[in-house]
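In case you want the letters, here they are:
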Amino acid sequence: MNFPILSSLILLPTIGSIFLFFSRNKEGNNQTIKYVALFTSVVNFLISIYLWYQFDPLTSDFQFVEDRKWIEGFVNYKVGVDGISILFIILTTFITPLCIISVNNSVKNRLRDFLIAILIMESFMIGVFCALDLVVFYLFFEAGLIPMFLIIGIWGGPRRVYSAFKFFLYTLLGSVLMLVAIISIYWINGTTDVVKLLEVGVDTKYQNLLWLAFFSSFAVKTPMWPVHTWLPDAHVEAPTAGSVLLAAILLKMAGYGFIRFSLGLFPEASETFTPLIYTLSVIAIIFTSFIALMQEDMKKLIAYSSVAHMGFVTLGIFTIQQQGIEGSIIQMISHGLISAALFLCVGVVYDRMHSRLINTYGGIITIVPKYAVLFMIFTLAALGLPGTSGFIGEFLILMGAFKDNFLVAVIASFGVILGAAYMLWLYKRVVFGKLVNQELKKMSDLNKSEILILSSLAIPTLFFGFYPEPLMNTIEVSVQNLIYTYNLKIN
Amino acid sequence: MENLNLILPEIFISLSIMFLLIIGVYKKDSSKLVYNFSLIILFITGGIIFNETLNVENVLLFNGSVIIDYLSSFMKLITIIAALMALIISSNYLKTFKILKIEYPILIICAVLGMMVMISSNDLIVFYIGLELQSLSLYVLSSSGLLLYGCSLIYGFSGSTNFEVIANNLNTNEYALTFGIVFILVGLAFKISAVPFHMWAPDVYEGSPTSVTLFFTMVPKIAALTVFIRFLYVPFVNLIDQWQMILIFLSIASMVFGAIAAIGQRNLKRLIAYSSIGHIGYTLAGLTTGTNEGIQSSIIYITIYVVMNLGLFSCLLMLKRNNKYYETLDDLSGLSKKHPLLSLSLLVALFSLAGIPPLAGFFAKFYIFKAVIEQSMYFLAIVGLLSTVIAAFYYLRIIKIIYFDEEREKYDEDHSFWLKFSLSVSTILILIYFIFPGQIIDVVSKINII
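As the structure is a computational prediction, the values presented were derived from the model and not from experiment. (Residues numbered from 1 in each chain as written. Chains lettered and ligands numbered in written order. Predicted model: local features only at pLDDT ≥ 70, side-chain atom pairs only at ≥ 80, totals over all residues.)

For chain B, the count of helices and strands is 20 helices and four strands. Taking the principal axes of its C-alpha atoms as reference, chain B extends roughly 65 × 60 × 40 Å. At a minimum sequence separation of 6, the contacts of chain B that also span at least 24 residues come to 78%. (Helix = DSSP H or I, 4+ residues; strand = E, 2+ residues; numbered from the N terminus. Contact = placed C-beta atoms within 7 Å.)

This is the structure:
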């Protein structure tokens with residue numbers, strides 16, 4: 001038995017949070033507490049990089065598999081990664097330390113509890129992407145609700161209670177049907193082991209209902225139109241670090257779930273329901289882009305743009321084309337980086353001016369030039385400018401879509417234009433223009449930690465924009481295998 | 001009688017009750033002494049059960065009217081532990097309210113004896129005697145007439161009171177027998193406060209002292225559930241078509257009503273009453289399946305429920321300030337700022353009661369739904385899971401009040417050792433249950449009734 005590297009990735013943040021729990025909670029202690037949390041998450045990041053280094057991209061098998069008896073004769077604790085999931089794990093371990101650095105300004109009270117919640121959240125999120133057993137997956141998938149509920153509810157904005165409840169109940173309602181489906185799969189196939197299930201497949205006559213049950217959970221989490229309404233509320237009220245986690249990683253659980261479970265376990269049903277997904281995705285792309293155009297609140301605008309971007313992701317996944325699925329995965333990774341950065345950008349001005357309304361700002365380019373530059377990079381990345389990772393994802397998705405369904409692809413392409421419209425308009429109204437609000441003159445430019453966070457997000461965004469090979473290499477074989485078995489099963 | 005050691009727990013507890021009564025009569029101001037003695041007696045009884053009967057597979061005593069098997073031993077042990085904990089953590093409460101008379105612990109032990117007789121009963125008469133002893137001690141007599149009527153109907157149409165003889169003589173075409181079963185089911189439903197026979201529960205729970213409410217929400221339900229299992233699955237397992245629908249109705253009604261009715265409550269004890277109605281609904285859902293797996297899942301559910309309930313009530317008993325106990329939702333407002341550990345325990349207990357993974361409450365529900373879905377009872381499973389979402393709302397609301405709202409005055413912190421002990425043990429058990437979920441299954445899977 002090799003060293004259980006995935007379990008240590010899952011456990012390490014929890015262990016760190018237990019340390020924090022037993023530390024004394026005093027004002028003067030805050031720096032130490034933060035360093036402990038930061039240290040834990042950075043170590044976790046390094047382990048995940050080592051994992052990537054050790055990862056063999058030439059096979060589509062699951063690697064680093066750990067299989068332990070858990071509930072005798074029923075569920076095994078089984079974890080493992082393949083090309084599809086490993087990038088999400090690295091994204092998680094990369095975003096978490098940045099979140100921890102960013103709490104400096106946004107979280108004033110109960111810092112220790114906040115960091116504990118973030119670290120536990122990290123454990124659960126990594127668990128979701130590693131799990132190779134449906135019950136274990138469900139466990140991590142649902143468990144994430146608890147820390148997120150507390151993060152929004154305790155440290156959120158004025159309407160935090162409403163948003164926290166909405167977030168929790170929407171997601172829970174979506175997920176309970178998935179639980180029914182998981183147990184049904186156990187009774188149909190006699191196992192919940194994903195690897196075995198991927199081999200033997202699920203009986204065709206049950207697939208449609210099971211697919212819909214999984215869909216109800218993933219659609220809420222993605223979020224797809226029309227069940228997306230919890231997202232803007234949750235984003236607006238959550239503290240910056242919470243929004244970042246939500247946008248960068250939580251939403252990706254559903255996209256990952258679609259690829260792994262909906263396509264992998266229920267190929268026939270996926271084929272049946274592809275038109276449904278296409279319709280909802282296109283509506284999400286066009287409709288929420290228009291909504292985003294009309295927003296007065298910066299966070300809300302970015303939240304709606306997330307819905308639109310996730311629309312591209314679901315569209316790409318269900319094209320069942322090599323480009324489409326690879327594009328979706330890269331789009332999710334890059335959206336993870338970009339939306340995280342955009343929320344942090346909003347957080348930066350919010351910490352200074354305590355307003356998220358767009359019309360508070362305007363003409364700040366001369367006051368905060370560094371901020372303007374970094375914000376510009378992420379704006380352009382969000383609208384998919386070539387040379388940023390956002391472009392690679394959207395381009396590949398549209399390529400896959402054109403192969404599969406011309407009409408859908410044409411409509412979705414309009415989403416790219418709309419995306420450019422709302423992002424550029426946002427940037428113009430916030431950064432350019434005349435300086436009307438005299439209060440803005442007091443704003444200070446980015447401090448060191450903010451520069452550190454934003455540039456460490458900008459570097460991979462640009463790097464993978466020019467050179468996406470490392471990402472493509474990692475996912476290619478796994479996606480090929482997925483599509484191969486998918487086509488084998490539906491024929 | 002070479003098997004007398006198997007009913008040693010009952011014999012010991014009966015003699016102890018007489019002993020305690022004698023002390024109570026002859027010694028003045030002996031309430032503290034009797035209280036301590038009763039704790040020791042319960043503890044020893046638990047020890048005897050653990051030693052003598054836990055590994056007995058299936059033995060009939062007294063002409064087959066008393067049965068000792070895995071089910072009875074396990075449930076007796078849970079009953080004793082729950083009663084012991086209920087008694088031990090309310091010591092300060094009893095002192096504050098000056099209700100620590102000698103009668104209080106003696107009545108509790110009498111009730112426990114009644115429950116043990118109920119749990120071991122394999123005969124309608126023994127069952128009724130145990131039930132009456134329990135009811136007399138606790139004053140829930142509402143349903144006894146119905147039960148007795150049901151018993152006599154069954155006796156009339158099967159010619160015996162013994163469960164096994166009834167099973168052998170059973171003429172499945174006899175409709176009057178169904179009436180008998182329905183009467184007994186209704187009587188038992190009163191005891192466990194399943195909807196629509198729940199009306200007494202919220203008022204009694206709210207009106208009783210917290211220590212008694214604590215006892216009521218856990219202990220009688222364990223015994224009643226055992227009788228439910230034994231009664232339905234030994235003599236009447238062949239009539240499953242006739243009682244299954246009733247049980248499904250009781251289960252769905254309890255789950256849905258418990259979830260909806262709890263939303264409007266401001267008093268914590270009343271809220272817990274409705275929530276316990278909901279939890280009984282889930283327990284009954286396991287019994288509707290007609291399989292050993294379903295029965296086992298119900299037993300696991302009630303066990304985990306007892307642990308969660310202990311945690312919840314330990315918290316409730318800690319809300320004390322200047323010798324006054326607080327029990328409305330508003331009194332919890334902002335608790336987390338001054339009492340972080342207490343709030344964390346409440347948080348864990350509440351999320352677990354709501355059935356959110358990875359806490360123990362999730363697994364309890366998970367086993368139930370696994371057993372239910374195995375029998376393709378999807379309607380029951382989906383209604384049950386949707387009512388967990390509704391129920392999650394009011395649990396979340398309590399968490400919201402604790403964590404998000406404005407803080408109030410500080411509560412006392414001089415709690416007794418046992419109160420802290422029960423709170424921390426139950427919290428830790430709920431939290432780390434997911435590491436060893438197999439243990440309880442190993443124990444419970446020995447219970448095969450069918």
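Residue and element names in this part refer to chain A. For helix α15 (residues 369-382), built from 14 residues, the straight-helix expectation of 20 Å at 1.5 Å per residue is met to within 8% by its first-to-last C-alpha distance of 20 Å. All buried positions along α15 are accounted for by Tyr 371, Leu 374, Phe 375, Ile 377, Phe 378, Thr 379, Leu 380, Ala 381 and Ala 382. Here the buried face of α15 lies against α13 (298-317), α14 (322-353), α16 (389-404), α17 (406-431) and α18 (448-466). Looking one or two residues beyond α15, the residue adopting positive phi is Gly 384, at roughly 80°. (Expected span 1.5 Å × (residues − 1). Buried ≥ 20, exposed ≤ 12 C-beta atoms within 10 Å, placed from the backbone.)

The interface is formed by 23 residues belonging to chain B together with 24 residues belonging to chain A. If you list the elements that add at least two residues to the side of chain B that touches chain A, you get α17 (360-374), α18 (378-403) and α20 (438-444) of chain B. The dominant element in the side of chain B that touches chain A, judged by the number of residues it contributes, is α18(B), at 11 residues. Here the residues of the side of chain B that touches chain A sort into 18 nonpolar, two polar and three charged. (Nonpolar A, V, L, I, M, F, W, Y, C, P; charged D, E, K, R; others polar.)

With omega at 5°, the peptide bond leading from B:Val195 into B:Pro196 counts as cis. As for its placement among the helices and strands, B:Pro196 is situated in the loop between α9 (175-192) and α10 (200-207). Omega for the peptide link from B:Pro357 to B:Pro358 comes to 5°, which places this bond in the cis form. Looking at the secondary structure, you find B:Pro358 in the loop between α16 (340-354) and α17. Of note in the backbone geometry, A:Phe64 takes a positive phi value of approximately 55° without being a glycine. Along the chain, the position of A:Phe64 falls in strand β1 (residues 63-71). Given 20 C-beta atoms within 10 Å, A:Phe64 falls into the buried group.

Bringing the pairing of β1(A) into the picture now. Residues and elements named next belong to chain A. Sheet analysis places β1 next to strand β2 (residues 75-81), joined by six bridges and oriented antiparallel. Within the sheet, the bridge partner assigned to Gln 63 lies in β2 and is Val 81. In this structure, the hairpin formed by β1 and β2 is closed by a connection of three residues, where Gly 73 is found at a positive phi of approximately 70°. (Pairing = 2+ DSSP bridges.)

Now for the domain arrangement of chain B. All names here are of chain B. For chain B, the assigned domains read domain 1 (1-120), domain 2 (135-192) and domain 3 (193-221 + 229-450). On the side of domain 2, four residues touch domain 1, which itself brings six residues to the contact. Here the residues of the side of domain 1 that touches domain 2 sort into three nonpolar, three polar and no charged. (Domains from an automatic or database assignment.)

Turning our eyes to something else, we now look at the confidence of the model for chain A. Predicted confidence across chain A gives a mean pLDDT of 87, with 99% of residues reaching 70 or more. For chain A, β1(A) is the element with the lowest average pLDDT, namely 84, and helix α5 (residues 134-143) of chain A is the one with the highest, namely 91. (pLDDT = per-residue confidence, 0-100.)

Residue and element names in this part refer to chain A. Relative to each other, α16 and α17 sit at 155°, their axes nearing to 8 Å. Accordingly, the angle class assigned to the pair α16 and α17 is roughly antiparallel. Mapping the contact onto sequence places Glu 394, Leu 398, Ala 401 and Phe 402 in α16 and Phe 406, Val 408, Ala 409, Ala 412, Ser 413 and Val 416 in α17. Classifying every residue of the contact of α16 with α17 by side-chain character gives eight nonpolar, one polar and one charged. (Axes fitted to C-alpha atoms, helices over the stretch in contact; angles between N-to-C directions. Parallel < 35°, antiparallel > 145°, perpendicular 65-115°, else oblique.)

Right, let's get into the environment of B:Asn292. Residue and element names in this part refer to chain B. If you trace the backbone, Asn 292 turns up in helix α14 (residues 292-318). The exposure class assigned to Asn 292 is partly exposed, which follows from the 16 C-beta atoms found within 10 Å. With residues up to four places along the chain from it excluded, the contact list for Asn 292 reads Asn 448, Ile 449 and Ile 450.

Residue and element names in this part refer to chain B. One can describe the packing of α17 onto α18 by two numbers: an axis separation of 8 Å at closest approach and a directional angle of 160°. Put simply, α17 runs roughly antiparallel to α18. As α17 packs across α18, the resulting crossing turns out to be left-handed. Together, Lys 365, Phe 369, Val 372 and Ile 373 of α17 and Tyr 378, Leu 380, Ala 381, Gly 384, Leu 385 and Thr 388 of α18 make up the contact between the two elements. Within the contact of α17 with α18, the residues separate by chemical class into seven nonpolar, two polar and one charged. (Left-handed = near helix turned anticlockwise from the far one by under 90°.)

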